[in-house]
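Here is what each chain is made of, one letter per residue.
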There are 6 protein chains.
Amino acid sequence: MRIRVINPNTTRAMTATIERCALAVAGPDTVLDAVTSEMGPASIESHYDEAMSVPGLLAAIRRGETEGVDGYVIACFGDPGLDAARELAAGPVIGIAEAAMHTASHLGRGFSVVTTLGRTAGRAADLAERYGMQRFCLGIHACELPVLALDTDPHARKIVTEACRAAVAADGSDAVVLGCAGMADLCAHIRDEIGVPVIDGVAAATLTVRSLLTLGLRKSGRGEFAAPPPKTYTGPLASFGS
Amino acid sequence: MRIRVINPNTTRAMTATIERCALAVAGPDTVLDAVTSEMGPASIESHYDEAMSVPGLLAAIRRGETEGVDGYVIACFGDPGLDAARELAAGPVIGIAEAAMHTASHLGRGFSVVTTLGRTAGRAADLAERYGMQRFCLGIHACELPVLALDTDPHARKIVTEACRAAVAADGSDAVVLGCAGMADLCAHIRDEIGVPVIDGVAAATLTVRSLLTLGLRKSGRGEFAAPPPKTYTGPLASFGS
Amino acid sequence: MRIRVINPNTTRAMTATIERCALAVAGPDTVLDAVTSEMGPASIESHYDEAMSVPGLLAAIRRGETEGVDGYVIACFGDPGLDAARELAAGPVIGIAEAAMHTASHLGRGFSVVTTLGRTAGRAADLAERYGMQRFCLGIHACELPVLALDTDPHARKIVTEACRAAVAADGSDAVVLGCAGMADLCAHIRDEIGVPVIDGVAAATLTVRSLLTLGLRKSGRGEFAAPPPKTYTGPLASFGS
Amino acid sequence: MRIRVINPNTTRAMTATIERCALAVAGPDTVLDAVTSEMGPASIESHYDEAMSVPGLLAAIRRGETEGVDGYVIACFGDPGLDAARELAAGPVIGIAEAAMHTASHLGRGFSVVTTLGRTAGRAADLAERYGMQRFCLGIHACELPVLALDTDPHARKIVTEACRAAVAADGSDAVVLGCAGMADLCAHIRDEIGVPVIDGVAAATLTVRSLLTLGLRKSGRGEFAAPPPKTYTGPLASFGS
Amino acid sequence: MRIRVINPNTTRAMTATIERCALAVAGPDTVLDAVTSEMGPASIESHYDEAMSVPGLLAAIRRGETEGVDGYVIACFGDPGLDAARELAAGPVIGIAEAAMHTASHLGRGFSVVTTLGRTAGRAADLAERYGMQRFCLGIHACELPVLALDTDPHARKIVTEACRAAVAADGSDAVVLGCAGMADLCAHIRDEIGVPVIDGVAAATLTVRSLLTLGLRKSGRGEFAAPPPKTYTGPLASFGS
Amino acid sequence: MRIRVINPNTTRAMTATIERCALAVAGPDTVLDAVTSEMGPASIESHYDEAMSVPGLLAAIRRGETEGVDGYVIACFGDPGLDAARELAAGPVIGIAEAAMHTASHLGRGFSVVTTLGRTAGRAADLAERYGMQRFCLGIHACELPVLALDTDPHARKIVTEACRAAVAADGSDAVVLGCAGMADLCAHIRDEIGVPVIDGVAAATLTVRSLLTLGLRKSGRGEFAAPPPKTYTGPLASFGS
């Protein structure tokens, strides 16, 4: 069972953290690695960043398909390129927002999302609606730390922890969903500090892919997610056609 | 990691099938058993049956808590007693409809449910709404086989398979969710026959519990699902108070 | 026209209050009585309590059917066992949350619910959704008085009244729905104190049943609510099979 | 207890039928009469007709208020002028679509509406949404008989009955709601013919008003439905100002 | 291209303001005028006022049809009589709430509405739902100025401006929709003051009608909005029949 | 007033058609041109194609900003990159699905969408939900013609026309929305043939942008759509950073 976690931004340090958190739950029967996107922005904090990260993500999926990867995690809380990735891959592809929200829905009446910059909250709300998780998503809160500051700001752990505590109090929620792959390694600490379940999407998505593979479930053969028809390409992305 | 699958009807043969299907996916690091409810109806095919199965289910949860069980699967597609079970148990409790529908939502735009008697379709629709899965649930179809006939009717396999095939065609769906724990062992056969993903909730819920345990997630400590306050009881269920 | 109000908890004092409030609106052409469930918890304040109250409630319905009762009120704001009761009874069965919410919807743009313990608010929200009353339900507020304290706490009336006043102010609502059968006798007092309509579900449900009987409307003959199929039972609830 | 049923079209023969059906359920403690609007169209079959019927309806409410009427029924299935009427009247005002849909929701999972002309179906759908009854309204079907033909077409009873039978079959519904006050006297016949509950809104609304009066519930004092502020008027409707 | 803006209240001074704001955007290829309703209330601040304004509005539409008008704007934020007007007119009819909300939805994630009296907020919410704009409508706020005071109160501009500023802060919205035709001439001032887009429905609706005419789009020929069937009328509105 | 229509696929012949249809409605006060994306797939018929078209689209927006363009139309019915484009552009950016659906909602109770390949129907449904137009979108129908075949298949016009006719009949809709920019020049023909309003999104979006510019409305300054923060880029898309 080969699972690949794709960091769709191009910051390798973040990929290392992500890989560690994914490996911690993957289990001995799983071959798991994390890869960094080879093109695109260093972090994803806008619709623009997200859109520009997708070609790199899709290139990683295409390479994975040639390398025998069975399933993929998209390790950015905007779940960039999810539909397109599902067309490309024969096996399951799961976004970390998708997995985290579904997982949190099993734990009570509702969850709070704590994200990085406030400008990303709209995307999280869109995803909650898409996945049917709107009824469980009681609030989306920003701690206004940029993604890369999670790794460099000495107060990052404290800032995120306090944002989580405040979110639970404001929403009356049963759990917290961490709204950035870069928060993955804060998960256990925050849970201990605030005493409510905290969900890291990287770990949650890794286990969701693992479960789908164990169940032998692959994407449907129905038209919408069938392999995309080959196309003639123009310009620097020409290698994406076939 | 101890997982217990509870068959909330009182038919032991069905428990054996359920246990076999759960064990097939549980993994070597999991101690899993299936138990039969000790009181209630032999099968669950009405709101009345479902209500009457709940005390037996809850007794099984209470016993599990004293025996060190870490997580539970409720193996009936009506997910009977789910909220009450979550109050009783310290660890995760997952219904098979809940797990199957969430799992199916990862596979495409929508799924069909194929259930036993038409009179149970309303309950399945209620659950789809509760779990946020209504937008993925494209149709609920009955094959009009009683639950226990799944095991005794020589044509059962063929009837359910054809109902699944027809459901996919009618709904344009990407996957089929089997709407009864008693169909668990038909899953692989139907998938092979109709060529679309088929989800058995028993296996899906086993893996959902397993994932929650791996993630260290337990129910929220928030008021709604805290342990129920002790009560004085009257009549034959007096042992349920404390 | 015989109407029976069933108190699904086992506290007789509460049944007496309920009966008095129901009789006050029933009208001279109605034979109405209230009965106490013969098994289950003394009060209903959790999903667990609610689940465990259902067999007693259903036994009361079964007895009512042999005694010529025409319609029933379920006098607990969680409307426990409503679907199962509708399968058993030939005539109408109405829950007090159901009746109170529908009634309140005729009075303006929206209502507030004031309930006992905060842990029951989730159930009230589920019911509002089920009945289509979510768009009218502007808030659910707890006064954190246990059910039985409504009868014994000397400050109960004041506490509930002030909770209602605060709820209307917070929600900008047009009416208050009392979220517990045990508050039935506070209804007129609170209305006088806070000057907005206050709805007691016991009285509202009694009149809803009465109206359905006057209209000659009985449950549909459609499959979902047809009499439940007979079943073999195991254990202490064996008398519930047939 | 004085209840007035207002026929907002100007056809007196229809008022007589409506009054008969309302009196049949009103009960001996109720003084009930039906009045015909004094201005507007002879029947209501378009948005235009409905809008033009409202001044006459509101004039009838204003007169009722000076004559000591306690509650009102608006006897047209478009529930014309309901919000404005609630501002004018001190007591309850109920539309027949409102009452019929609420009543039908107590009888099972869903109902079909059978109306006159297909062009009125949109209005029925709007009302179902407004009242929160969309989830119960499984279909809206037209029999394409004009309103006044219900009284004059010798085949009317048969046409409406067959439309109801077909609607139940198409929707799998538990009940039929008659979509025109002019169908009130067909209700019992159709129920006998098709064997499912059939709801006439005139009778249902009469009992809803009666219940609200018995409960002592009047409209909220909140701003939206307070008495409308007096205004200067221009033109033929000047008597409507104050 | 002839566009007519109808002020459905009978205050001519307000019509003049409305006409000025509409002309400012209409473009040289458009012949635009604004007319004052010839019957009804001087301002619209209740459901009652709105209902009573509709006959005058519809008379203006009928006259417009005989005078070769191509499209209409209904210049009151309750969009009174919109459905009926669409039946009468061959060309497009657009309400100012409709146009303003649609327009605002193009500018970001959501808008705030700032209206006159709080009692009109319910109507604005109903319209947001009807137009599918509920997901964009983040809040409805009243400045508690009566409609006619917009023109006479020396502090009106400041009061409305501050209400808009507060609404944006409270809702985190991307734009403000002015909730009264009488606020049309405040639009540019408020935008300059608070630095977010402000939408006046009069201008927005004028351009929406203009666009529909440029596209050659007229109402559908489908039954619901076909010309209303002729009717016999009784009383002072008799001229509205046939 | 400078408006630019961007064809996000790389087929210049299609851009020419699009430009012609946009110019036909743009008006003499508008400087309008259409440009072809300089990188990406020749047509957009999958989630993958759509994702891969976005960088080219965004490059066109960036160039437009340096060239003084005031507003943009995205001329592909999947509205690719809309959120990201709104971050980049100072003025309005409108998708053709967005404009077409909003426009159609003014014409009656609901519309049908007729698109190219069935696999794109899911995206159209997602957009209808996003724009609040789900309640007006009565059906999405495919004619199973590839995008480029619209220009080359001699039967294309007839196939699309018949698909539109069938859609209206199946859905009972009031209008047809053409689900591909490549159908823009079929609009008038189909309208004439089937006798219901037909909306081409290219023309509709051109006029929506024009209206927003006339109203002086630019995107909100709120965080979500502010200019994206500059980023370091890796790989062939490096020119997209800073």
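Since the structure is predicted, the reported quantities are computational estimates derived from the model, not experimental observations.

Observations regarding the interface of chain F and chain A
Point 1. Chain F puts 42 residues into the contact, and the matching count from chain A is 42 residues.
Point 2. Of the roughly 3,500 Å² buried at the junction of chain F and chain A (both faces included), carbon and sulfur atoms supply 59%.
Point 3. On the chain F side of the interface with chain A, the three residues burying the most area are His47(F), Tyr48(F) and Arg119(F), jointly 22% of the side's total.
Point 4. Here chain F is connected to chain A by six salt bridges.
Point 5. Here Arg119(A) and Glu87(F) are joined by a salt bridge, their closest N and O atoms 2.9 Å apart.
Point 6. Between chain F and chain A we count 27 residue pairs in polar contact (both at pLDDT 80 or more) in total.
Point 7. The element contributing the most residues to the side of chain F that touches chain A is helix α2 (residues 47-66) of chain F, with nine residues.
Point 8. Taken together, the residues that form the side of chain F that touches chain A break down as 21 nonpolar, ten polar and eleven charged.

Let's talk about the pattern of salt bridges
Point 1. In the structure shown here, the tally under the stated rule is 102 salt bridges over all chains.
Point 2. Salt-bridge contacts for Glu45(B) lead to Lys231(C); the nearest nitrogen and oxygen are separated by 3.0 Å. Taken as a pair, Glu45(B) in the loop between β3 (40-41) and α2 (47-66) and Lys231(C) in the loop between α9 (201-214) and β10 (233-234) lie in two separate chains rather than in one.
Point 3. Owing to a relative accessible area of 5%, Glu45(B) belongs among the buried residues under this scheme.
Point 4. The salt bridge partner of Asp126(E) is Arg109(C), with a shortest N-O separation of 2.9 Å. Of the two residues, Asp126(E) is situated in helix α5 (residues 121-130) and Arg109(C) in the loop between α4 (96-105) and β6 (111-115); the pairing between them involves two chains.
Point 5. Taking relative accessible area as the criterion, Asp126(E) reaches 23% and is therefore assigned partly exposed.
Point 6. Among the residues examined, Arg109(C) registers a relative accessible area of 22% and is labelled partly exposed.

Notes on the relation of the copies chain F and chain A
Point 1. Rotating chain F by 180° and translating it 0.0 Å along the rotation axis places it on chain A, where the RMSD comes to 0.0 Å. Both copies are brought into coincidence by an operation consistent with a two-fold rotation axis. No C-alpha of chain F approaches the rotation axis more nearly than that of Pro236(F), which lies at 3.4 Å.

Here we look at the arrangement of the chains
Point 1. A gap remains between chain A and chain D, which never touch, and the nearest two C-alpha atoms on either side lie 17 Å apart.
Point 2. In this structure chain C stays clear of chain F, and the shortest span between their C-alpha atoms is 17 Å.

Looking at the nonpolar core
Point 1. Residues Leu58(A), Leu58(B), Leu58(C), Leu58(D), Leu58(E) and Leu58(F) are the most contacted members of the largest nonpolar core, which totals 538 residues.
Point 2. With residues near it in sequence (within four places) discarded, Leu58(F) still touches Tyr48(A), Ala51(A), Met52(A), Gly81(F), Ala84(F), Ala85(F), Leu88(F) and Phe240(F).

With respect to the side chain of Ser46(C)
Point 1. Relative to the helices and strands, Ser46(C) is located in the loop between β3 (40-41) and α2 (47-66).
Point 2. The class of Ser46(C) is buried, set by a relative accessible area of 7%.
Point 3. In this structure the side chain of Ser46(C) is engaged in a polar contact, spanning 2.9 Å, whose partner is the backbone nitrogen of Asp49(C).
Point 4. When sequence neighbours within four positions are dropped, the list of residues in contact with Ser46(C) reads Glu87(B), Pro228(B), Pro229(B) and Arg119(C).

Focus on the domain arrangement of chain A
Residues and elements named next belong to chain A.
Point 1. According to the domain assignment, chain A consists of domain 1 (2-95 + 203-240) and domain 2 (97-200).
Point 2. The straight-line distance from the C-alpha centre of domain 1 to that of domain 2 is 22 Å.
Point 3. With 29 residues of domain 1 in contact, the opposing surface of domain 2 contributes 29 residues.
Point 4. Carbon and sulfur atoms make up 58% of the area that domain 1 and domain 2 hide from each other, which totals about 2,100 Å².
Point 5. Counting every contact that joins domain 1 to domain 2 gives four salt bridges.
Point 6. A salt bridge links Asp 83 to Arg 130; the nearest nitrogen and oxygen atoms lie 2.8 Å apart.
Point 7. Counting only elements with at least two residues in the side of domain 1 that touches domain 2, the list comes to α1 (12-26), α2 (47-66), α3 (82-88), β5 (93-95) and α9 (201-214).

Cut-off values and rules
Residues numbered from 1 in each chain as written. Chains lettered and ligands numbered in written order. Predicted model: local features only at pLDDT ≥ 70, side-chain atom pairs only at ≥ 80, totals over all residues. Heavy atoms only, no water. Contact = heavy atoms within 4.5 Å. Buried area = accessible area lost by both parts, 1.4 Å probe. Salt bridge = Lys/Arg side-chain N within 4 Å of Asp/Glu carboxyl O. Polar contact = N/O pair within 3.5 Å; in protein donor to acceptor, adjacent residues only side chain to side chain. Helix = DSSP H or I, 4+ residues; strand = E, 2+ residues; numbered from the N terminus. Nonpolar A, V, L, I, M, F, W, Y, C, P; charged D, E, K, R; others polar. Buried < 20%, exposed > 50% of the residue type's maximum accessible area, 1.4 Å probe, protein only. Least-squares fit on C-alpha atoms with pLDDT ≥ 70 in both. Core = buried A, V, L, I, M, F, W, Y, C linked by side-chain atoms within 4.5 Å. Domains from an automatic or database assignment.

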